Number of protein chains: 2
Amino acid sequence: MSNPIVVEVVRGARVESRHRGAGAVVDADGAVALAFGEIDEPVFPRSAVKALQSLPLVESGAADALRLSEAEIALACASHSGAPAHVETAAAMLAKAGLDAASLACGAHWPLGEDASRTLSRSGQTPSPLHNNCSGKHAGFLCLACASGWDAKGYEQAAHPVQRAAKAAIEEVTGAALGEDVCATDGCSIPTYAVPLRALAFGYARLATGAGLAPRRAAAAKRILAAVAASPAMIAGEGRFDTEVMRLFGPQVFVKTGAEGVYCAALPELGLGLAVKADDGATRAAQAMIAALIGRFLSVDGESRAHLESFAAPVLRNWNGIAVGGLRRAGPLRGPPA
Amino acid sequence: MSNPIVVEVVRGARVESRHRGAGAVVDADGAVALAFGEIDEPVFPRSAVKALQSLPLVESGAADALRLSEAEIALACASHSGAPAHVETAAAMLAKAGLDAASLACGAHWPLGEDASRTLSRSGQTPSPLHNNCSGKHAGFLCLACASGWDAKGYEQAAHPVQRAAKAAIEEVTGAALGEDVCATDGCSIPTYAVPLRALAFGYARLATGAGLAPRRAAAAKRILAAVAASPAMIAGEGRFDTEVMRLFGPQVFVKTGAEGVYCAALPELGLGLAVKADDGATRAAQAMIAALIGRFLSVDGESRAHLESFAAPVLRNWNGIAVGGLRRAGPLRGPPA
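Residues numbered from 1 in each chain as written. Chains lettered and ligands numbered in written order. Predicted model: local features only at pLDDT ≥ 70, side-chain atom pairs only at ≥ 80, totals over all residues. Heavy atoms only, no water.

Overview of the relation of the copies chain B and chain A
Phase 1: For these two chains of identical sequence, chain B goes onto chain A by a turn of 180° and a shift of 0.0 Å along the axis, with RMSD 0.0 Å. One copy is carried onto the other by what is essentially a two-fold rotation axis. When C-alpha distances to the rotation axis are compared across chain B, the minimum falls at R122(B), with a value of 2.0 Å.
Phase 2: A symmetric contact is evident, with 100% of the interface residues of chain B recurring at the interface of chain A. (Least-squares fit on C-alpha atoms with pLDDT ≥ 70 in both. Contact = heavy atoms within 4.5 Å.)

In structure tokens form, the structure reads like this:
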């Protein structure tokens, strides 16, 4: 496998580091609008498919049965910063299912958000599973189990009806077959299934347009994307790419990160889905790639273009704030500002 | 440039991410014992040359004039965790030069060490330049300036005698010409000069053996390596690779990380220098590479081999402690356990 160099990290006048990667932009008919690198090799999307994994929660009627708010539905798709608003929202979802943090199987880690993490340290507390960036998704799984009358115990296991429903949604929307051979365990203990970038992009085009989906599923997809667009701070957190880009472009862009250098996105008005993976797993490279692709397809005006460019080709500053270099697009992504 | 894949990140039964890189193992005569990838392309060694940058401090007599301890000399070569012992040692060095933290030009950042960072947060404090992982090196620069009768102001600038001396030491020991074309600014605001991996490995072989160096410089090199071997906790910190490996092997191994995926090392008894760079700048890949090379050349017994292997091919665990995958050697590094 030899994907092209797509992002260069420059220090002074020299390239210090290089990232290789692959990406696909696909419409809901499966037509490829742009591709680079190997897009038919399955990659683990990790958290980049949380919006697909949350389809059963909404389309089953569970979200309505438990009166989940739109912000709570947004949090079910999130890799959040562990800020107080995220923690409180996850706790509220669990309470609606008659549960609490003890039911979460995701494990605990310090908040992803630097501010949230420092604040928690200062308070003398240690993190709970509610601070886990996946706690909203797990709370959503538990809400689905509760409203469906399933025993919640073991909801993170591949054989549990919750995970079977999530897997079936990914399979149907992306068209990829998810067998044992592409299954591994994610950071939060649920199964993760490797899916080719072409299929991920196709799936996000279908999620954004509803094309080819059953009416009930298409309606759920529309509602999920609208919920995230209305509460962009829920999906990630202040200062983070996913939140900032969705705040900038509203319902024009849905974008979601996954660990090990994955990004998926949708441009609903254009009917396009996007998926990228950095070979080496670097988030900085995946972010630069997806920002470049969004900028290439979306009609972006002056100030928004500059903001997007600050993510696509960020300036690197040292501890004294001196600009010492930056990231730049290379190879198939070389071109004008995002 | 196309360096080989040297480290694979595995999740379940599949490769999730891949790191490319280059590396060289060279003796003090310049003979290459092992090489893979492009080893004649200059790369920024960043903090991996701190031991070379600290030669002037020792060989000039400045360290003795200011009665620096061996632990303080070790800290001058460190990328430390910002733990209390590191902060106190840097402050003591500055005091011996009649200065304090206000003279440090490195800027402030939260301690690299997780424990140190959390402890500082809990205390309600914010980081000072003493917590910067480079504060020992900067304190060493200031000690050199003070003992030499140079105005300390601007000591971080390329034209200052301190940086000219550091550059001259790197040039002489590695044999690489360091012109404007390979100069950029490091994270701590001093100049960093790109050097080919072959020359870095050659330089560390000479540093470790003294071969080809003037007696005064050879003696300083010997003293610096002995100082680090005697205080391995100074060079990095508890739980970190450099400290753990030097604790494990004592004076048999000197190893030092640099930002953006660089490692340099020396095996003094074998007369070998080692240098690696991960193309993408990933520390996890550079660490796996240098651990694999150390394990290949050094005679390592059972328990030490297992400990080294835990760095060369670490198991990846998720937030519940479940083993979900790991790193493994690939391509030219494929082979038996480190």
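Here we look at unusual backbone geometry
Phase 1: In this model, R67(A) sits at a positive phi of 55°, which is unusual for a non-glycine residue.
Phase 2: Along the chain, the position of R67(A) falls in the loop between α3 (62-65) and α4 (70-75).
Phase 3: Since its relative accessible area comes to 69%, R67(A) is described here as exposed.
Phase 4: Not every positive phi belongs to a glycine, and S189(B) is a case in point at roughly 80°.
Phase 5: One can find S189(B) in the loop between β5 (183-185) and β6 (191-193).
Phase 6: You can call S189(B) buried: its relative accessible area is 9%. (Helix = DSSP H or I, 4+ residues; strand = E, 2+ residues; numbered from the N terminus. Buried < 20%, exposed > 50% of the residue type's maximum accessible area, 1.4 Å probe, protein only.)

Regarding the interface of chain B and chain A
Phase 1: Facing the 48 residues of chain B at the interface are 50 residues of chain A.
Phase 2: For the pair chain B and chain A, the summed buried area comes to about 4000 Å², and 46% of that belongs to carbon and sulfur atoms.
Phase 3: Looking at the side of chain B facing chain A, the largest losses of area belong to R14(B), R118(B) and W319(B), adding up to 18% of the total buried there.
Phase 4: Summed over the shared surface of chain B and chain A, the number is six salt bridges.
Phase 5: Residue R14(A) pairs with E41(B) through a salt bridge whose shortest N-O separation is 3.6 Å.
Phase 6: Across the chain B-chain A interface, the total number found is 32 residue pairs in polar contact (both at pLDDT 80 or more). (Buried area = accessible area lost by both parts, 1.4 Å probe. Salt bridge = Lys/Arg side-chain N within 4 Å of Asp/Glu carboxyl O. Polar contact = N/O pair within 3.5 Å; in protein donor to acceptor, adjacent residues only side chain to side chain.)

Looking at the packing of helix α8 (residues 161-174) of chain A against helix α9 (residues 197-209) of chain A
Residues and elements named next belong to chain A.
Phase 1: The contact between α8 and α9 brings their axes to 8 Å, and the two run at 90°. Comparing their axes, α9 and α8 come out roughly perpendicular. Counted together, E172, V173 and T174 of α8 and A199, L200, F202, G203, R206 and L207 of α9 form the full contact between these two elements.
Phase 2: Each residue belonging to the contact of α8 with α9 can be placed in one class, and the counts come to five nonpolar, two polar and two charged. (Axes fitted to C-alpha atoms, helices over the stretch in contact; angles between N-to-C directions. Parallel < 35°, antiparallel > 145°, perpendicular 65-115°, else oblique. Nonpolar A, V, L, I, M, F, W, Y, C, P; charged D, E, K, R; others polar.)

What to know about the packing of aromatic side chains
Phase 1: Scanning the entire structure with this criterion turns up eight aromatic pairs over all chains.
Phase 2: Here F241(A) and Y263(A) contribute two aromatic rings whose centre-to-centre distance is 5.3 Å and whose plane-to-plane angle is 70°, an arrangement assigned as edge-to-face. Of this pair, F241(A) sits in helix α12 (residues 241-249) while Y263(A) sits in strand β9 (residues 262-267); the two residues are 22 residues apart in sequence, bridging distant segments of the chain.
Phase 3: F241(A) sits in the buried class, given a relative accessible area of 3%.
Phase 4: Looking at Y263(A), the relative accessible area reads 2%, which means it is buried.
Phase 5: On the numbers, 6.5 Å between centres and 50° between planes, the contact of F141(B) with Y155(B) is tilted. Of this pair, F141(B) sits in helix α7 (residues 135-148) while Y155(B) sits in the loop between α7 and α8 (161-174); the two residues are 14 residues apart in sequence, bridging distant segments of the chain. With respect to burial, F141(B) and Y155(B) carry one shared label: buried.
Phase 6: When the ring centre of W110(B) is taken as origin, the NZ or CZ atom of R118(A), which lies over that ring, is 3.6 Å away. (Phe/Tyr/Trp six-rings, centres within 6.5 Å; stacked < 30°, edge-to-face > 60°. Lys NZ or Arg CZ within 6 Å of the ring centre and 35° of its normal.)

Quick notes on the confidence of the model for chain A
Phase 1: Looking at chain A as a whole, its pLDDT mean stands at 96, while 99% of the residues score no less than 70.
Phase 2: With pTM at 0.96, the complex prediction returns an ipTM value of 0.96. (pLDDT = per-residue confidence, 0-100.)

Observations concerning helix α5 (residues 84-96) of chain A
All names here are of chain A.
Phase 1: With 13 residues, α5 extends 18 Å between its outermost C-alpha atoms, agreeing within 8% with the 18 Å of an ideal straight helix rising 1.5 Å per residue.
Phase 2: Listing the buried residues of α5 in full gives H86, V87, T89, A90, M93 and L94. In an axial view of α5, the angular spread of the buried residues amounts to 165°, which keeps them on one side of the axis. Exposed side chains of α5 directed beyond 90 degrees from the buried face belong to P84, E88 and A95.
Phase 3: Each element contacted by the buried residues of α5 is listed here: α4, α7 (135-148) and α11 (232-235).
Phase 4: Of the residues one or two after α5, G98 is the one with positive phi, at around 75°. (Expected span 1.5 Å × (residues − 1). Arc of directions from axis to C-beta.)

Focus on the pairing of strand β10 (residues 272-278) of chain B
Residue and element names in this part refer to chain B.
Phase 1: Among the seven residues in β10, seven count as buried, and that is most of the element.
Phase 2: Side chains L272, L274, V276 and A278 of β10 all project onto a buried face; the interleaved residues G273, A275 and K277 project onto the opposite face, where all are buried too.
Phase 3: Where strand β2 (residues 14-27) and β10 come together, seven bridges link them in antiparallel fashion. For A22, the partnering residue across the bridge sits in β10 and is K277.
Phase 4: Pairing analysis gives six bridges linking strand β9 (residues 262-267) to β10, with the strands arranged antiparallel. In the strand pairing of β10, L267 is matched with L272.
Phase 5: Where β9 folds back on β10, the antiparallel hairpin that results is connected by four residues, among which G271 adopts a positive phi of roughly 70°. (Pairing = 2+ DSSP bridges.)

Focus: the side chain of E244(B)
Residues and elements named next belong to chain B.
Phase 1: Within the secondary structure layout, E244 lies in helix α12 (residues 241-249).
Phase 2: Note on E244: relative accessible area 14%, which makes it buried.
Phase 3: Polar contacts involving the side chain of E244 include one to the main-chain amide nitrogen of G239, which spans 3.1 Å.
Phase 4: Apart from residues no more than four positions distant in its own chain, E244 is found in contact with E238, G239, H307 and F311.

A look at the pattern of salt bridges
Note that side chains of opposite charge can pair when their charged atoms are close.
Phase 1: The final tally for this structure, using the stated rule, is 34 salt bridges over all chains.
Phase 2: Its salt-bridge partner being E8(A), residue R328(A) comes within 2.8 Å of it at the nearest N-O pair. In this pair, R328(A) is assigned in strand β12 (residues 323-329) and E8(A) in strand β1 (residues 5-11), connecting sequence segments 320 residues apart.
Phase 3: A salt bridge links E16(A) to R46(B); its shortest N-O distance comes to 3.0 Å. Of this pair, E16(A) sits in strand β2 (residues 14-27) while R46(B) sits in the loop between β4 (42-43) and α1 (50-53), placing the two residues on different chains. Taken individually, E16(A) and R46(B) each receive the classification buried, so the pair is uniform in this respect.
Phase 4: Linked by salt bridges that have partners in common, R11(A), E16(A), R46(B) and D186(B) make up one network.

A word on the environment of V300(B)
Residue and element names in this part refer to chain B.
Phase 1: Position of V300 among the secondary structure elements: in the loop between α13 (283-297) and α14 (302-312).
Phase 2: Overall, V300 belongs to the buried group, its relative accessible area being 11%.
Phase 3: When neighbours within four sequence positions are excluded, V300 is seen to be in contact with F249 and R305.

As for the pairing of strand β8 (residues 254-258) of chain B
Side chains on a regular strand alternate between the two faces of the sheet.
All names here are of chain B.
Phase 1: Counting buried positions over the five residues of β8 gives five, a clear majority of the element.
Phase 2: Side-chain alternation along β8 places F254, K256 and G258 on one buried face and V255 and T257 on a second face that is also buried.
Phase 3: Sheet topology note: the β8/β9 ladder contains five bridges and is antiparallel. Paired with G258 across the strands is V262, a residue of β9.
Phase 4: Where β8 folds back on β9, the antiparallel hairpin that results is connected by three residues, among which E260 adopts a positive phi of roughly 65°.

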